[in-house]
Amino acid sequence: QLFSKMKSSLKTDLQNFLDNDVIETREKWRQLFQEDLFADLPCDTLTEKRDRNFLRLKRASESRLASVYDLRENPINLFAAHEMLGYIDSSLAISFSVQYNLYGGTLLSLGTDKHIPHVQRVDDMSDVGCFALTEIGYGSNTIELETTATYNLEQNCFLLNSPSPKSHKYLISNGARRANMAVVFAQLVVDGKKEGVHAFLVAIRTADGRASDGVTIGDVGEKQGYLGVDNARFCFKDVCVPVENLLDAFSSVDGNGSFSSTVSSRRGRFLKVAQRLLSGRICVAALALTQMKVTHTIALKYASQRLGVGPTGKSDTPILDYSVIRNSLIPILARTVYLNLGYNSLKNEFQTHHQDETKLTKLDRLCCLVKPLLTEHCIQATAICRERCGGHGYVAANQIAKHVADSHAAATGEGDNIVLIQKTAKDFLGDLKTGADVLPELSSERISELARRDSVLSLEIIRDLLSLREIDLV
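Quick notes on the rules
- Residues numbered from 1 in each chain as written.
- Predicted model: local features only at pLDDT ≥ 70, side-chain atom pairs only at ≥ 80, totals over all residues.
- Heavy atoms only, no water.
- Patch = residues over 30% accessible without salt bridge, like charges linked within 9 Å, V, L, I, M, F, W, Y side chains within 5 Å.
- Areas by Shrake-Rupley, 256 points an atom, 1.4 Å probe, with all protein chains shown as cover.
- Salt bridge = Lys/Arg side-chain N within 4 Å of Asp/Glu carboxyl O.
- Helix = DSSP H or I, 4+ residues; strand = E, 2+ residues; numbered from the N terminus.
- Phe/Tyr/Trp six-rings, centres within 6.5 Å; stacked < 30°, edge-to-face > 60°.
- Buried < 20%, exposed > 50% of the residue type's maximum accessible area, 1.4 Å probe, protein only.
- Lys NZ or Arg CZ within 6 Å of the ring centre and 35° of its normal.
- Pairing = 2+ DSSP bridges.
- Axes fitted to C-alpha atoms, helices over the stretch in contact; angles between N-to-C directions.
- 1 Å grid on protein atoms, 1.4 Å probe; cavity = no way out; pocket = protein on both sides within 12 Å on 5 of 7 lines; lining within 4 Å.
- Points joined across faces, edges and corners; volume = space filled by probe spheres on them.
- Nonpolar A, V, L, I, M, F, W, Y, C, P; charged D, E, K, R; others polar.

## What to know about a nonpolar patch on the surface
Link 1 in the chain: Where nonpolar side chains cluster on the molecular surface, the patch consists of V456, L459, I462, L465 and L466 and spans about 440 Å² of accessible area.
Link 2 in the chain: Mapped onto the elements, L466 comes out in helix α15 (residues 459-473).

## Brief notes about the packing of aromatic side chains
Link 1 in the chain: One pass over the full model with this rule turns up 8 aromatic pairs.
Link 2 in the chain: Aromatic side chains F33 and F38 sit 5.3 Å apart centroid to centroid with 55 degrees between the ring planes, which places their arrangement in the tilted category. Grouping residues by exposure puts F33 and F38 together as buried.
Link 3 in the chain: Linked through ring pairs, W29, F33 and F38 together constitute an aromatic cluster.
Link 4 in the chain: Directly above the aromatic system of F54 lies the positively charged group of R178, at a separation of 4.3 Å from the ring centroid.
Link 5 in the chain: Seen from the ring of F428, R365 lies directly overhead, with NZ or CZ sitting 4.8 Å from the centre.

## Structural notes on the sheet that holds strand β7 (residues 215-219)
Link 1 in the chain: Pairing within the open sheet is antiparallel, and its 3 strands lie in the order β4-β8-β7. Every other strand in the sheet has two partners, leaving β4 (169-173) and β7 as the edge strands with one partner each. Shown here is a sheet whose adjacent strand axes are inclined to one another by a mean of 35 degrees, direction ignored.
Link 2 in the chain: Both β7 and strand β8 (residues 231-236) contribute to a ladder of 5 bridges, which runs antiparallel. The partner of V215 across the bridge, within β8, is F236.

## Quick notes on empty space enclosed by the protein
Link 1 in the chain: Counted according to the given criterion, the structure contains 2 cavities of 30 Å³ or more.
Link 2 in the chain: As a volume, the largest cavity reaches approximately 70 Å³.
Link 3 in the chain: Contributing to the lining of the largest cavity are L110, H198, A199, L247, A249, F250, S251, R269, K272 and V273.
Link 4 in the chain: The class makeup of the residues in the lining of the largest cavity is 6 nonpolar, 2 polar and 2 charged.
Link 5 in the chain: Of the voids in this model, the second largest cavity is the one considered here, and its volume is about 60 Å³.
Link 6 in the chain: The wall of the second largest cavity is formed by R50, N53, F54, L57, S95, V128, N174, R178, G228 and D230.
Link 7 in the chain: With 4 residues, the top contributor of residues to the lining of the second largest cavity is helix α3 (residues 46-62).
Link 8 in the chain: By residue class, the composition of the lining of the second largest cavity is 3 nonpolar, 4 polar and 3 charged.

Pasting the structure below:
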């Protein structure tokens, strides 16, 4: 109720404060969303959901409000696009992310001059692309994936093969129905030697929409969430990939079949080709943030209008006046705002340093922390909002239920949250071991003083208590 009574200028200031960036472009997105195509109308079948999602994706592309080149020149604009598209539908934001960040961004970062024509076909969706990294048997440990791309000197091409059912590419977004191109990750084999995971540009469909020779495409079907996204299963049998379709910014194979790379180790090469996942984690965090804002808005508006039993015994009191409702909704709202500010800080950091090799380690750790923080909170926040709206929160038309379902996928997409947290903790412990980082120091006198404190409300005390906990953990 307080928010509804705010002056319009104050609402705008608060919105702009949380949005943080590209304010004018965000307003253009809002204007675009007034078109009938973006209206929230029911779809009866899975096919209808996917068709509408694709039409929306095409319209978003036509708007030219974002570009694959933003990843190089203005990444913060692309992250903002993910936030805005999430207000319409999570599926739309995911399909956009695959086209622009994962597929297009990989071409941009790993390709060379010969691949520029393919990059130029991303923005207008002349090509619809997908990102084929995950395999049935290799989710987190993708450095050991089984798909092979063996150089054939006689044909001067790479023969792409899936040697076992575990090597089938799985849950590949945009791949089941629409994508004609894929960035496929495979073990490069030259002269019998595995040279590590590399990225290849592969035409998975012909001009008339049939699967290309040697490519088998299956439809994963209906999922718990992201119902507008068509997820595929791919396998390959002696698919001839032209030698120029190796994305060769770091590694190449010449006409004599000689392999060369500016990165010496197989692990190093994998880290190079998987670098697109850094911006991908920010994109997933952006979507989670929007999901939380939507569900908070719905739940708080409902709680301010839904009348329950008041002091008179009549149904005349907004349930937001109940302490049990306030104590459920207000703390998660506060945490969402806090995480929003942290996310904004990460965006600013990425905008400034994403092309600075010396800053990539820090960026990697920030991305690996912010994505789990936002997505885990999203799972909790959407569930609480749903519960506090009672049976109305369970009804699909009221929008919360779909965000509850969609929120769970984000815990796995672009890296399982537990794995990311473990990785980051391992990295920090490694720094402590080598002396690259040090633990905070607290004197014994300061520790004794903390123990005598009756209140922990000051930021200085909270900081020192967190430092003490960190010391004890190690």
